[in-house]
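The residues making up each chain are set out below.
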Amino acid sequence: MNLHEYQGKEILNSFGVRIQRGIVAHNAKEAVAAAKQLTAETGTGWHVIKAQVHAGGRGKGGGVKLAKNLQEVEEIAGQIIGMNLITPQTSAEGKKVHQVLVAEDVYYPGENEPDEYYMSVLLNRATGRNMIMYSTEGGMDIEAVAEETPHLIFTEEIDPTVGLLPFQARRVAFNLGLSGTAFKEMSKFVMAVYTAYVQSDSSLFEINPVLKTSDDKILAVDAKVTLDENALYRHKDYVEMRDIREENPVEVEAKEVGLNYVDLEGNVGCMVNGAGLAMATMDLIKQAGGEPANFLDVGGTADAKRVEEAFRLILKDDGVKAILINIFGGIVRCDRVAQGVVDAYKNMGDAIKVPIIVRLQGTNADVAKELIDNSGLDVQSAVQFQEAADKVQAVLA
Ligand code: GDP
Ligand code: MN
């Protein structure tokens, strides 16, 4: 589950990570009140107005702006709230901004220039360990840094039995070229960030930039936090952080009816039982010259009702030109699934306008094939995996 910047910062702060402070506002008036309150609390004269959407690169899209007085706070907040923010990480239509974070300006001028670093914590799947990835080149595209100057990206792997050790945090500070107060501050910062990551059951922290202010404070200016949904049951207070306005509406609907659905760009809708078979089916579709329009695992009980729900979800996508149903009847009998497909098809009347290819393998597969072939509906059956793919290819041609 993805969070907004302000929510990610709240979590960081609750574990003692220093952050750029801010207050959320839903309209220009609230933004001015927030700015006044921040000035009272932090003494800041300037404020940064930051669009709160689930996408990075907001600065590039005009979603992060500096306001030098209250009038500018009002103007900028008014502009950003309600705008359709397009960034390199959103779709071409962009994302509607419902709220902004009014934050203290932490780039205040001093004797030293502020420095921006990059830091993330994530699971390294190759080693099965959490790692801290960090770089002196913060604030900008980390992808570009990885491409052009990979030697400027460092990693620190964490042994799960002992956790992050203080010498490792000091190594991070050292590699970032820090000394004196900033070195100590960074070591503390890294320890706190890692504790927050583990304790909050997150699967990703990305803090870009981490800032060294001109007076040697280290703080998180941005926060992208992804929580592990499977651990949400032990974080009741994080559950309400979900903002479904930011999520794909079809995926939200699928979750409500208990289907495991991920929206993709392609033209062949898939309905499969089991995640592994779903992945294999997607590969096969690609080999047949199509592109999967979705990942959909209907789970163990593929009865008429579930099949119908799955059809409805798949058909919400205009890009779907064919549907491939690939079900292995192990626990569930194939003839029951076939009956489910036929019933769902009939129930949906004219709603299904694309060809459907069904492959049922396993218990009672022969009965199932007969059911489909004799249904009189525009549904083609296949026995072999490859046969299903060939039929998909034929209908797309
Ligand atoms: P992103 O573009 O979505 O990654 O949003 P960030 O929160 O990283 O902000 C984008 C950029 O805004 C940062 O890289 C900074 O350059 C700038 N920025 C953020 N906070 C401040 C601030 O307090 N003062 C000034 N002057 N610039 C800031
Ligand atoms: Mn950022």
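Cut-off values and rules
- Residues numbered from 1 in each chain as written.
- Chains lettered and ligands numbered in written order.
- Predicted model: local features only at pLDDT ≥ 70, side-chain atom pairs only at ≥ 80, totals over all residues.
- Heavy atoms only, no water.
- Near = heavy atom within 4 Å.
- Polar contact = N/O pair within 3.5 Å; in protein donor to acceptor, adjacent residues only side chain to side chain.
- Areas by Shrake-Rupley, 256 points an atom, 1.4 Å probe, with all protein chains shown as cover.
- Helix = DSSP H or I, 4+ residues; strand = E, 2+ residues; numbered from the N terminus.
- Nonpolar A, V, L, I, M, F, W, Y, C, P; charged D, E, K, R; others polar.
- Disulfide = S-S within 2.5 Å.
- Buried < 20%, exposed > 50% of the residue type's maximum accessible area, 1.4 Å probe, protein only.
- Donors = N, O, S within 2.8 Å, 3.2 Å for Na, K, Ca; no water.
- Domains from an automatic or database assignment.
- Salt bridge = Lys/Arg side-chain N within 4 Å of Asp/Glu carboxyl O.
- Contact = heavy atoms within 4.5 Å.

### Some thoughts on the site of ligand 1
So, step 1. Around ligand 1, the structure places 18 residues, and the nearest of them are Lys50, Arg58, Gly59, Asp105 and Val106.
So, step 2. With respect to ligand 1, the backbone of Gly57 contributes an N or O atom lying 3.2 Å from an oxygen atom.
So, step 3. In isolation ligand 1 offers 570 Å² of accessible surface; the protein chains occlude 80% of this area.
So, step 4. Elements with a contribution of two residues or more to the shell around ligand 1: strand 2 (47–51) and strand 10 (202–212).
So, step 5. Of the residues contributing to the shell around ligand 1, the split by class is six nonpolar, six polar and six charged.

### Structural notes on the state of the cysteines
So, step 1. Going through the model one piece at a time under the given rule, you end up with zero disulfides.
So, step 2. Distance from the sulfur of Cys270, which forms no disulfide, to the nearest cysteine sulfur (Cys334) is 18 Å.
So, step 3. On the basis of relative accessibility, which here comes to 1%, the residue Cys270 falls in the buried class.

### Overview of the coordination of the manganese ion (ligand 2)
So, step 1. Binding of the manganese ion (ligand 2) to the protein goes through Asn208 (O) and Asp222 (OD), at separations of 2.2 Å. Here Asp222 lies in the loop between strand 11 (218–220) and strand 12 (224–227) and Asn208 lies in strand 10, a separation of 14 residues in the sequence.
So, step 2. Overall, the relative accessible area of 15% leaves Asn208 in the buried class.

### Topic: the domain arrangement of the protein chain
So, step 1. Splitting the protein chain by domain gives domain 1 (1–19 + 109–243), domain 2 (21–105) and domain 3 (248–396).
So, step 2. Taking the mean C-alpha position of each, domain 2 and domain 3 sit 44 Å from one another.

### What about the pattern of salt bridges?
So, step 1. Enumeration according to the criterion identifies 24 salt bridges in this entry.
So, step 2. A salt bridge links Asp216 to Lys212, with the nearest nitrogen and oxygen atoms 3.6 Å apart.
So, step 3. Owing to a relative accessible area of 22%, Asp216 belongs among the partly exposed residues under this scheme.
So, step 4. Owing to a relative accessible area of 11%, Lys212 belongs among the buried residues under this scheme.
So, step 5. Glu387 serves as the salt-bridge partner of Lys391, at 3.8 Å between the closest nitrogen and oxygen. Residue Lys391 and its partner Glu387 are located together in helix 13 (residues 385–396), separated by four residues, close to a single helical turn.
So, step 6. You can call Lys391 partly exposed: its relative accessible area is 22%.
So, step 7. Judged by its relative accessible area of 27%, Glu387 is partly exposed.
So, step 8. Where salt bridges share partners, they join Glu5, Lys9, Lys50, Arg58 and Asp222 into one cluster.

### Some thoughts on the side chain of His235
So, step 1. Inspection of the secondary structure puts His235 in the loop between strand 12 and helix 7 (236–239).
So, step 2. With residues up to four places along the chain from it excluded, the contact list for His235 reads Gln199, Ser200 and Asp201.

### Thoughts on the environment of Glu206
So, step 1. Its place among the elements puts Glu206 in strand 10.
So, step 2. Separated by 10 residues in sequence, Glu206 and Asp216 have C-alpha atoms that sit 21 Å apart.
So, step 3. Here the side chain of Glu206 touches Tyr118 through a polar contact of 2.6 Å, side chain to side chain.

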